[in-house]
Amino acid sequence: MYKPINPEHQNSHCLECGEPIYGRADKKFCNSGCRNSFHAHLRSEGRQKKHITLNLLAANYGILENLLRIQKTSCPMDSLLDMGFRPEYVTHTAEKRGRHTEYRCFDIAYYISAAKIFNLHRV
Ligand SMILES: [Zn+2]
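To start, this report covers the structure provided alongside it. Everything numeric here is computed off the predicted structure, so don't read it as measured data.

**Some words on the overall build of the protein**
- When its secondary structure is counted, the protein shows 2 helices and 7 strands.
- Secondary structure of the protein in N-to-C order comes out as β-β-α-β-α-β-β-β-β.
- Taking 2.2 N^0.38 as the reference for a compact globule, 123 residues should give roughly 14 Å; the C-alpha atoms of the protein span a radius of gyration of 25 Å, well beyond that estimate.
- Each principal axis of the C-alpha atoms in the protein carries an extent, and together these give about 75 × 30 × 25 Å.
- Relative to its full complement of 123 residues, the protein shows a buried share of 7%.

**Regarding the sheet that holds strand S4 (residues 92–94)**
- One open sheet holds the 5 strands; their spatial order is S3-S7-S6-S5-S4, and the pairing between them is antiparallel. Strands with a single pairing partner mark the edges of an open sheet, and in this sheet they are strand S3 (75–76) and S4.
- Bridge analysis of strand S6 (residues 108–112) against strand S7 (residues 116–122) gives 4 bridges, and the strand direction is antiparallel. Considered in S7, the bridge of Ile 112 is made with Ile 117.

**Focus: the pairing of S6**
- Both strand S5 (residues 102–105) and S6 contribute to a ladder of 4 bridges, which runs antiparallel. Note that in S6 the partner of Tyr 103 across the bridge is Tyr 110.
- The antiparallel pairing of S5 with S6 creates a hairpin that spans 2 residues between the two strands, and Phe 106 there sits at a positive phi of about 55°.
- Linking two consecutive strands that pair antiparallel, namely S6 and S7, is a turn of 3 residues.

**Points about helix H1 (residues 32–69)**
- The terminal C-alpha atoms of H1 lie 54 Å apart, and with 38 residues this matches the ideal 56 Å at 1.5 Å per residue to within 8%.
- Of all 38 residues making up H1, only 3 are buried, and the element is barely covered by its neighbours.
- Those residues of H1 lying buried are Asn 60, Leu 64 and Leu 67.
- The secondary structure elements touched by the buried residues of H1 are S3, S5, S6 and S7.
- Looking one or two residues beyond H1, the residue adopting positive phi is Gln 71, at roughly 55°.

**Focus on the pairing of S5**
- On S5, burial follows the alternation: Tyr 103 and Cys 105 on one face are buried, whereas Glu 102 and Arg 104 on the facing-out side are not.
- In this structure, S4 lies alongside S5, joined through 3 bridges in antiparallel fashion. The residue bridging Thr 93 from the neighbouring strand is Tyr 103, located in S5.

**Points about the environment of His 51**
- Secondary-structure assignment places His 51 in helix H1.
- For the pair formed by His 51 and Ala 109, sequence separation is 58 residues and the distance between their alpha carbons is 23 Å.

**Topic: the environment of Gln 71**
- Take Gln 71: it is sitting in the loop between H1 and S3.
- The class of Gln 71 is exposed, set by 7 C-beta atoms lying within 10 Å.
- Sequence separation between Gln 71 and Pro 87 is 16 residues, and the spatial gap between their C-alpha atoms is 20 Å.

**As for the environment of Arg 86**
- Within the fold, Arg 86 resides in the loop between helix H2 (77–82) and S4.
- On the basis of neighbour counts, which here come to 13 C-beta atoms within 10 Å, the residue Arg 86 falls in the partly exposed class.
- In the structure, Arg 86 is positioned 26 residues away from Asn 60 in sequence and 6.6 Å away in space, judged by C-alpha atoms.
- Apart from residues no more than four positions distant in its own chain, Arg 86 is found in contact with Leu 56 and Asn 60.

Criteria and cut-off values
- Residues numbered from 1 in each chain as written.
- Predicted model: local features only at pLDDT ≥ 70, side-chain atom pairs only at ≥ 80, totals over all residues.
- Helix = DSSP H or I, 4+ residues; strand = E, 2+ residues; numbered from the N terminus.
- Rg over C-alpha atoms; globule rule 2.2 N^0.38 Å.
- Buried ≥ 20, exposed ≤ 12 C-beta atoms within 10 Å, placed from the backbone.
- Pairing = 2+ DSSP bridges.
- Expected span 1.5 Å × (residues − 1).
- Contact = placed C-beta atoms within 7 Å.

Function cannot be inferred from these measures alone, as they are strictly geometric.
Rendered as structure tokens:
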């Protein structure tokens, strides 16, 4: 059945361009072009976040690797922070029976106390 679009029947605004949308109540975009660019933007934002996180993990890994290379198994947190270490970026944490939690950055494990990381080793 033919149903004329009532221009008064405005439901919402296009999520991409912000123009008013007429017609079906569940429409979110004014056309497929707007829908496509909206989703492309979301995907690229997701990729960017992933990229930033991977770069930070890689930077942490490089710092830890350098410590292991010079056979250091502990390092003051202040020095780590000066080197650009970001303690909140880890790939794994495991509760241990002792007082400290084991943190991992890929295959390098360590413990963190208030003042330092210690027991740095490869797993
Ligand atoms: Zn639009």
